[in-house]
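Analysis of the macromolecular model
Letter by letter, the chains look like this.
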Amino acid sequence: MDSIKRSFWLAVLASLLFAHPAIGQAVPAGFGPAKGLWAGVEYSNMRAGFPYGSDQRLWGIGGFANYHLSGNLGVAGEARFLRFDSWNGETEDHYLAGPRYGFPRFGRVQPFAQCLLGIGRLQYPFQIGSGTYFAVAPGGEISYRLSRRWALRGLYEYQIWPGSPNAANQPQHTITPSGFHVGVAFRVR
């Protein structure tokens, strides 16, 4: 598991380092938004995907980073740790990264769409085991600019963990956690 986490974070770091070409002049405001790195923390409340059809909700904290490449395109990386309100010890962790698209701004409000890929880790109830699964996570975000460097964000995400199991002696169902995330972001550069 440690090698998977290490590989994930190296891939996120490499995409952030190599995505920004070296430039010596700022982008004029008339040509659109400048490149920028935003990082933040969030509160997450998600419907647990296990067992299938469960209304159990997990909540926890997470961190994220968004890098605006050019125009409306960017990349996003997220890590979440859903450890609270569990059902007999069930927990979920998510490590995701991928592209995001920013729609035109309406004053201080800007919507985004993203589709992240990565891994989801599930600690099964009653400590019966754990599993790590590939995850696809489409989502939509609304960002509200408080100032030039601070923003609030709200995000809804629907995850799909193909090939993930369900409870024993039950039909096969893919785990599909979904829920809301609310956070604050700071523009690093």
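Each remark here, short or long, concerns the structure printed above.
A quick note: this is a predicted structure, and the numbers were derived from the prediction, not measured.

With respect to the overall build of the protein chain
On a plain count of helices and strands, the protein chain comes out with one helix and eight strands. In sequence order, the protein chain lays out its α and β elements as α-β-β-β-β-β-β-β-β. Buried residues in the protein chain amount to 40% of all 189 residues. Just so you have it, the protein chain exposes about 10,000 Å², and 65% of that area is on carbon and sulfur atoms.

A word on the sheet that holds strand E5 (residues 109-123)
Around the barrel, which closes on itself, the eight strands sit in the order E1-E2-E3-E4-E5-E6-E7-E8 with antiparallel pairing between neighbours. Neighbour to neighbour, the strand axes of the sheet diverge by 25 degrees on average, direction disregarded. Pairing geometry for strand E4 (residues 91-102) and E5, over 10 bridges, is antiparallel. Among the inter-strand pairings, Tyr95 is bridged to a residue of E5, identified as Ile119.

Focus on the nonpolar core
One finds Phe50, Ala76, Leu96, Leu116, Leu122, Tyr124, Tyr133, Ala135, Ala137, Trp161 and Ile175 forming the largest nonpolar core, which totals 11 residues. Elements with a minimum of two residues in this core: E5 and strand E6 (130-145). Among the elements that take part in this core, E6 stands out by supplying three residues, more than any other.

Considering a nonpolar patch on the surface
A grouping of Tyr144, Leu146, Trp150, Leu152, Phe186 and Val188 is seen on the molecular surface, where their side chains present a nonpolar patch of about 530 Å² in accessible area. Topologically, Trp150 is positioned in strand E7 (residues 150-158). The exposure class assigned to Trp150 is partly exposed, which follows from its relative accessible area of 41%.

Section: the side chain of Glu92
Mapped onto the secondary structure, Glu92 falls in strand E4. Despite its burial, Glu92 pairs with no opposite charge; the closest candidate is Arg47, at 8.0 Å N-O. A distance of 3.2 Å separates polar atoms of two side chains, one belonging to Glu92 and the other to His94. Glu92 has contacts with Ala48, Gly49, Leu58, Arg80, Phe81, Leu82, Arg121, Leu122, Trp161 and Pro177, leaving out every residue within four places of it along the chain.

As for the pairing of E6
In the sheet, E5 pairs with E6 via 15 bridges, with the strands oriented antiparallel. Looking at E6, one finds that Gly118 is bridged to Ala135. Connecting the antiparallel pair E5 and E6 is a turn made up of six residues, with Phe126 showing a positive phi of about 60 degrees. Of the pairings in the sheet, the one linking E6 to E7 comprises seven bridges and is antiparallel in character. Bridge pairing links Ile142 to Gly154 in E7. Two successive antiparallel strands, E6 and E7, enclose a turn made up of four residues.

Thoughts on the pattern of salt bridges
Where side chains of opposite charge bring their charged atoms close, a pairing between them can arise. By the definition in use, this model includes eight salt bridges. With a closest N to O distance of 2.7 Å, Asp93 and Arg83 form a salt bridge. With Asp93 in strand E4 and Arg83 in strand E3 (residues 73-84), this pair connects stretches of sequence that are 10 residues apart. A salt bridge links Arg153 to Glu141; the shortest N-O distance between them is 3.1 Å. With Arg153 in strand E7 and Glu141 in strand E6, the pair connects residues that are 12 residues apart, well separated along the chain. Neither residue differs from the other here; Arg153 and Glu141 are each classed as buried. Three or more residues joined by partner-sharing salt bridges are found here, namely Glu42, Glu78, Arg80, Arg100, Glu141, Arg153 and Glu157.

So, how was this worked out
- Residues numbered from 1 in each chain as written.
- Predicted model: local features only at pLDDT ≥ 70, side-chain atom pairs only at ≥ 80, totals over all residues.
- Heavy atoms only, no water.
- Helix = DSSP H or I, 4+ residues; strand = E, 2+ residues; numbered from the N terminus.
- Buried < 20%, exposed > 50% of the residue type's maximum accessible area, 1.4 Å probe, protein only.
- Areas by Shrake-Rupley, 256 points an atom, 1.4 Å probe, with all protein chains shown as cover.
- Pairing = 2+ DSSP bridges.
- Axes fitted to C-alpha atoms, helices over the stretch in contact; angles between N-to-C directions.
- Core = buried A, V, L, I, M, F, W, Y, C linked by side-chain atoms within 4.5 Å.
- Patch = residues over 30% accessible without salt bridge, like charges linked within 9 Å, V, L, I, M, F, W, Y side chains within 5 Å.
- Salt bridge = Lys/Arg side-chain N within 4 Å of Asp/Glu carboxyl O.
- Lys, Arg positive; Asp, Glu negative; His and termini not counted.
- Polar contact = N/O pair within 3.5 Å; in protein donor to acceptor, adjacent residues only side chain to side chain.
- Contact = heavy atoms within 4.5 Å.

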